[in-house]
Amino acid sequence: MSEQKRSTGIRLTARGAVASVLVFTLLGSLLQALLGLPALIGLMFVAGCGAAVALVNRRDLLSLVVSPPLVFFTATLIAEAVRALGATSPVQALGLGMLTKLSAGAPWLFGGSLLVLLVAWRRGLAQCVRDLREELRAAGPDIPRPRSGDSVGYAPEPEGYFEPKVYGTPREGQ
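Structure report, in brief. What you see is a predicted model; the values in this text were computed from it and never measured.

What counts, and where the lines are drawn
Residues numbered from 1 in each chain as written. Predicted model: local features only at pLDDT ≥ 70, side-chain atom pairs only at ≥ 80, totals over all residues. Heavy atoms only, no water. Core = buried A, V, L, I, M, F, W, Y, C linked by side-chain atoms within 4.5 Å. Buried < 20%, exposed > 50% of the residue type's maximum accessible area, 1.4 Å probe, protein only. Helix = DSSP H or I, 4+ residues; strand = E, 2+ residues; numbered from the N terminus. Contact = heavy atoms within 4.5 Å. Phe/Tyr/Trp six-rings, centres within 6.5 Å; stacked < 30°, edge-to-face > 60°. Bend = angle between axes of the 7 residues up to and from the residue. Patch = residues over 30% accessible without salt bridge, like charges linked within 9 Å, V, L, I, M, F, W, Y side chains within 5 Å. Areas by Shrake-Rupley, 256 points an atom, 1.4 Å probe, with all protein chains shown as cover. Salt bridge = Lys/Arg side-chain N within 4 Å of Asp/Glu carboxyl O. Axes fitted to C-alpha atoms, helices over the stretch in contact; angles between N-to-C directions. Left-handed = near helix turned anticlockwise from the far one by under 90°. Nonpolar A, V, L, I, M, F, W, Y, C, P; charged D, E, K, R; others polar.

What follows concerns the nonpolar core. Val 21, Phe 45, Val 53, Leu 61, Leu 64, Val 116 and Ala 120 are the most contacted members of the largest nonpolar core, which has 17 residues in total. Secondary-structure elements contributing two or more residues to this core are helix 2 (14–35), helix 3 (40–55), helix 4 (61–65), helix 5 (68–84), helix 6 (90–123) and helix 7 (125–139). Residue contributions to this core peak at four residues, all from helix 3. Apart from residues lying up to four places away in sequence, Leu 61 is in contact with Val 53, Val 56, Ala 120, Arg 123, Gly 124, Leu 125 and Cys 128.

Looking at the secondary structure, you find Ser 20 in helix 2. Using a relative accessible area of 18% as the deciding quantity, one classes Ser 20 as buried. In contact with Ser 20, other than residues within four places in its own chain, are Leu 12 and Ala 52.

What follows deals with the packing of aromatic side chains. Applying the stated criterion across every chain yields a total of one aromatic pair. Ring geometry for Phe 45 and Phe 72: centres 5.0 Å apart, planes at 70 degrees, overall edge-to-face. With Phe 45 in helix 3 and Phe 72 in helix 5, the pair connects residues that are 27 residues apart, well separated along the chain. A residue is classified by how much of its surface remains accessible, and Phe 72, at 2% relative accessible area, is buried.

Of all bends in helix 6, the biggest is about 50 degrees, found at Ala 106, and the proline Pro 107 comes one to four residues later. Listing the buried residues of helix 6 in full gives Gly 97, Met 98, Gly 105, Leu 109, Gly 112, Ser 113, Val 116, Ala 120 and Arg 123.

A surface patch of nonpolar side chains, amounting to about 510 Å² of accessible area, comprises Leu 27, Leu 30, Leu 34, Leu 35 and Leu 37. Mapped onto the elements, Leu 37 comes out in the loop between helix 2 and helix 3. Judged by relative accessible area, which is 47%, Leu 37 ranks as partly exposed.

This part takes up the packing of helix 2 against helix 5. Packed helix pairs are characterised by how far apart their axes lie and by the angle those axes make with each other. At a minimum axis distance of 9 Å, the contact between helix 2 and helix 5 shows a crossing angle of 40 degrees. Here helix 2 runs over helix 5; the crossing is right-handed. Two secondary-structure elements touch here, helix 2 through Val 18, Val 21, Leu 22, Thr 25, Leu 26, Ser 29, Gln 32 and Ala 33 and helix 5 through Val 71, Phe 72, Thr 74, Ala 75, Ile 78, Ala 79 and Arg 83. In terms of residue class, the contact of helix 2 with helix 5 is built from 10 nonpolar, four polar and one charged.

Here the focus is the pattern of salt bridges. Going through the model one piece at a time under the given rule, you end up with two salt bridges. Of the charged contacts, one joins Arg 83 and Glu 80 as a salt bridge, the two residues approaching to 2.4 Å between their closest N and O atoms. With Arg 83 and Glu 80 both in helix 5 and three residues apart, this pair spans about one turn of that helix. According to the relative accessible area criterion, Arg 83 is partly exposed, its value standing at 37%. Taking the relative accessible area as the measure of exposure, Glu 80 reaches 6% and is therefore buried. Note that Glu 134 and Arg 137 form a salt bridge whose closest N and O atoms lie 2.8 Å from each other. Taken as a pair, Glu 134 and Arg 137 lie in helix 7 at a separation of three residues, close to a single helical turn.

Inspection of the secondary structure assignment puts Ala 52 in helix 3. Along the primary structure Ala 52 and Arg 11 are separated by 41 residues, whereas in three dimensions their C-alpha atoms are 9.3 Å apart.

If you want it as structure tokens, here you go:
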């Protein structure tokens, strides 16, 4: 289906897409706790990534591409914090749970991130990067140019640039 045909359907902002990936991942964590299937978190994360990149506005692709690792970490932190509340040592349970879940979820994280990157590239990520470069170039500060007749090739700071400002008037006797 072409991009124009898909544009008539539901579209998410970058925030909505990131939130949907977070909800999918938290739902996977809840289902994993209820059903005991360890791969459920990863599958839901990848499914959330796929749905988000397919539904996000094209101009928000760049924001979505960089967010899956942060979303995965946040969802894992929330799930493990809730799980650690009932432990005798919550801090130790949280630390061990985070280490275990993040290392077990690394392949799913890479898979979801790769899926987002590939689909976003197909949808026009390269154009989003070019647009960002042009915006940054247009909004960037002017580079100081050498003064005419200056053979050194750089423009020194103006007089008094590094001198502190003195406010008010000096007192008598100083």
